[in-house]
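Structural description and commentary
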Amino acid sequence: MSLSIVFDNRTFEVSSNAAATPEELAIPGYEDLAIYRLPAGDTRVKHALEDPEFYRHGWNSWSPTAWRKLSDYPWRVWNNPGRSRTAEDPITDAVDTHRGYQVGALSFADSKVMLLGSLSRGGALVEADSRAMRGIVPTSAGPFNIEGGSSAEGEPWVLILGDELRAFEAYGKLLADALDVAPRASQKIAQRGAAPVWSSWYSWFEEITQEIISAEISHAAKAGYSVLEIDDGWEESVGTWEPNADFPDLPGLARQIREAGLRPGIWVSPFIAKADSYLVRNHPDWLVKEPDSDEPIDAGFNWGTRLYALDTTHPQALEWVKDIFTELRSWGFDYFKTDFIYAAAMPGRRYADVPREEAYMRGIQAIRDAVGEDAYLLGSGGLPAASLGILDGMRMGPDTAPYWDNMDRYRDPSGPAVANALRNSLSRFWWKPWIDTDPDVALVRTRGSLLSPEVNRLTLDAAIACGTFGCSDPGQWLTDTERSVLMDAISDAKKEAEGELAITQTGRYTFTIGERVVDFDQWLNPKGRISDRLLVK
Ligand code: 9PG
């Protein structure tokens, strides 16, 4: 099929290998946009835009997502194979091509864009060069190859021309409609009311003990948090989901949290495992394998070691996942941070030969089945579209850190840093109506931190604007002033959740929060040099 579109006095030539005809859509409330539904298949839109920016949407939570000039190098993880394996998709990632997953866009004059997005749960790639933007549907779940051609039976595309923020808003709506997903605002309060969350990760990291968590409970309750989440460090090993010796009574701890009026939350990474774990030692048959051998695939690198991926199409593996969550739920936990969940969608050979996003969905659905509808499920390292309607929230960027950026880490936009967390999460703000968008924790503390109060304020505002407020600062680390800043921010976050504090995105990285204008752009894209006092690098 082919189609010629004139928009804003510019011509766009659309062609594809599909036989079906495109259809112009009239969506009530979006009459200012030109919207076309394009049939499934490899699709190409020729343009004559002069060095536009490309919107790269990364594969998982941590995958680099941002706008980038086509004349610049692609936005990706450079020179760090371990991180690429964890924070990138082997299929989406390309050294010399601007390529993203699910949706892409090119910018032109007056904040206008041409957006090409897949109306599917995933698998579609969008790439661009100076002449064309292409939508490609890889034929299969791998192996590590997108050259095989297109899927004629796949899901359709949508092409949207018009104002940038409106185009992304419309794409979110069309995607949710196509997938039959309801807006978050219509969900039960038990699920959508999960934040504000205190998380143990960004203060104690793995060095948590039952006493440390226990000592935090009264601070968290007084500060106004709703959830106290025990992050990584409670488990025997990643892949052995039993409490370690530092947590002699985890059910008792969950009870104590509940009695203080907080929801007990816990971190689990059910789809990855380390070599020393119960999973890898006892059930190598439940791991995702290389396409041509029985070797388990390399599922990334963390904790100084390689990771293995769980085959979530294996019935017994799924039962094991359900048992883990059923037990934690029976101990009183009803907020779960499910982490490194991309592993269920890594290319490789599985028990059932299904598309990798389907394997991922079977995995997260098993968790949902085990914990019930009233438990809150946050995804981290996950795939947003494949999680819609199953998970409640999704981390939208890399980990934050008590510093702005780490200049020693050469070109790694997935590395822990406030700058990376903010850029990614705000570039994915448009997901907010459909899945809670978690920009990672805000910081208020100055103890153990290189951040200035000005940058701390940005992290608080991002959390309030995105609607998922988390913080990891222990109560005892805060000064009186910091504690009152935190409590005011928590109160704003709660107002936002109740619809009493209006958030408006006014530009790519600018917002109003109530009456206040918050301009992240001057930090993410500074016109001049920002003082090192403000941004300790
Ligand atoms: C616990 C942490 C915290 C944190 C998560 C996750 O790309 N990477 O290599 C990568 C490694 C670790 C990581 C994120 C990305 O951190 O995001 O909030 O729960 O695990 O270990």
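Residues numbered from 1 in each chain as written. Predicted model: local features only at pLDDT ≥ 70, side-chain atom pairs only at ≥ 80, totals over all residues. Heavy atoms only, no water.

Quick word on helix H8 (residues 315-330)
Formally: Strands here are runs of E lasting at least two residues and helices are runs of H or I lasting at least four, both read from the DSSP assignment and numbered beginning at the N terminus. The length a helix should cover is 1.5 Å for every residue beyond the first. Exposure classes here rest on a 1.4 Å probe applied to the protein chains alone. A residue is buried below 20% of its type maximum, exposed above 50%, and partly exposed in between. Think of it as the arc spanned by the lines of direction from the helix axis to the C-beta atoms. The contact criterion used throughout is that any non-hydrogen atoms of two residues lie within 4.5 Å.
The terminal C-alpha atoms of H8, which comprises 16 residues, lie 22 Å apart, in line with the 22 Å expected from a rise of 1.5 Å per residue. Every buried residue of H8 is accounted for by Ala 317, Leu 318, Trp 320, Val 321, Ile 324, Phe 325 and Leu 328. For H8, the arc enclosing every buried residue in end-on projection is 160°, short of the 170-degree limit, so these residues lie on one face. Taken together, the buried residues of H8 touch strand S17 (240-243), strand S18 (263-268), helix H7 (278-282), strand S23 (335-338) and helix H9 (356-371).

Notes on the sheet that holds strand S4 (residues 34-38)
Test applied: By definition, two strands form a pair when at least two bridges between them are found by DSSP. Lines fitted to the C-alpha atoms define the axes, with helices restricted to the stretch that makes contact. Angles between their N-to-C directions range from 0 to 180 degrees.
Taken in spatial order, the seven strands line up as S3-S4-S13-S10-S9-S6-S7 in an open sheet, and their pairing is antiparallel. The open sheet terminates on both sides in strands that have one partner only, identified here as strand S3 (23-25) and strand S7 (66-69). Each strand axis lies, on average, 20° off the axis of its neighbour in the sheet, ignoring direction. The sheet contact formed by S3 and S4 spans three bridges and is antiparallel. Bridging from a neighbouring strand, Leu 25 pairs with Ile 35 of S4. Packing of helix H2 (residues 164-179) onto the sheet brings it into contact with S3, S4, strand S6 (53-56), S7, strand S9 (103-108), strand S10 (112-118) and strand S13 (157-163), and relative to S13 it is tilted by some 155°.

Concerning the site of the ligand
Filter applied, for reference: Here a residue is near a molecule or strand as soon as one of its heavy atoms is found within 4 Å of it. Two N or O atoms form a polar contact when they lie within 3.5 Å of each other; inside protein one atom must be a possible hydrogen donor and the other a possible acceptor, and for residues adjacent in sequence the pair counts only when both atoms belong to side chains. Residue exposure ignores everything except the shown protein chains as possible cover, and the areas themselves are Shrake-Rupley values with a 1.4 Å probe. For this classification, Asp, Glu, Lys and Arg are treated as charged, while Ala, Val, Leu, Ile, Met, Phe, Trp, Tyr, Cys and Pro are nonpolar and the rest, including Gly, are polar.
Around the ligand there are 18 residues in total, and Tyr 202, Asp 231, Asp 232, Lys 337 and Asp 399 lie nearest to it. Within the contact set of the ligand, an oxygen atom lies 2.7 Å away from a side-chain nitrogen or oxygen of Asp 231. One nitrogen or oxygen atom from the side chain of Lys 337 is found 2.8 Å from an oxygen atom belonging to the ligand. Protein contacts shield 96% of the accessible area of the ligand, which totals 460 Å² for the unbound molecule. Breaking the shell around the ligand down by element, the ones donating at least two residues are helix H1 (81-87), helix H4 (201-204) and strand S20 (301-302). With three residues, H1 is the single largest residue contributor to the shell around the ligand. Its residues assigned to classes, the shell around the ligand comprises eight nonpolar, three polar and seven charged.

A closer look at the pattern of salt bridges
For clarity, the cut-off: We define a salt bridge as a side-chain nitrogen of Lys or Arg found within 4 Å of a carboxyl oxygen belonging to Asp or Glu.
Throughout the structure, instances matching the rule amount to 39 salt bridges. Arg 76 is the salt-bridge partner of Asp 93, the closest N and O atoms lying 2.7 Å from each other. Residue Asp 93 is found in the loop between H1 and strand S8 (98-101), and its partner Arg 76 is found in the loop between S7 and H1; the two are separated by 17 residues along the sequence. Note on Arg 76: relative accessible area 10%, which makes it buried. Across the pair Asp 294 and Arg 349 runs a salt bridge whose closest N-O atoms are separated by 3.2 Å. With Asp 294 in the loop between H7 and S20 and Arg 349 in the loop between S23 and H9, this residue pair connects regions lying 55 residues apart in the sequence. The exposure class assigned to Asp 294 is exposed, which follows from its relative accessible area of 60%. Overall, the relative accessible area of 32% leaves Arg 349 in the partly exposed class.

Structural notes on a negative patch on the surface
For clarity, the cut-off: To count toward a patch, a residue needs a relative accessible area over 30% and no salt bridge; like charges are then connected within 9 Å, while nonpolar side chains (Val, Leu, Ile, Met, Phe, Trp, Tyr) are connected within 5 Å. The convention is simple: Lys and Arg are positive, Asp and Glu are negative, and His and the chain ends are not counted. By convention, the charge on Lys lies at NZ, on Arg at CZ, on Asp at CG and on Glu at CD.
A cluster of acidic side chains, namely Glu 236, Glu 242, Asp 276, Asp 323 and Glu 327, defines a negative patch on the protein surface. Of note, Asp 323 is situated in helix H8.

Topic: the side chain of Thr 65
With respect to the helices and strands, the residue Thr 65 is situated in the loop between S6 and S7. A relative accessible area of 0% means that Thr 65 is categorised as buried. Side-chain polar atoms of Thr 65 contact the backbone nitrogen of Gly 58, separated by 2.9 Å. Among the polar contacts made by the side chain of Thr 65, one reaches the main-chain carbonyl oxygen of Ser 63 at a distance of 2.9 Å. Those residues within four positions of Thr 65 in sequence are excluded, and the remaining contacts are Tyr 55, Arg 56, His 57, Gly 58, Trp 75, Arg 423, Asn 424, Ser 427 and Arg 428.

So, helix H6 (residues 250-259)
Listed as buried for H6 are Leu 250, Gly 252, Leu 253, Ala 254 and Ile 257. If you follow the buried residues of H6, they end up packed against helix H5 (210-223), strand S15 (227-230), S17 and S18. Measuring from the side-chain oxygen of the N-cap residue of H6 to the backbone nitrogen of Gly 252 gives 2.9 Å; that N-cap residue is Asp 249. Backbone geometry just downstream of H6 places Gly 261 in the positive-phi region, at approximately 90°.

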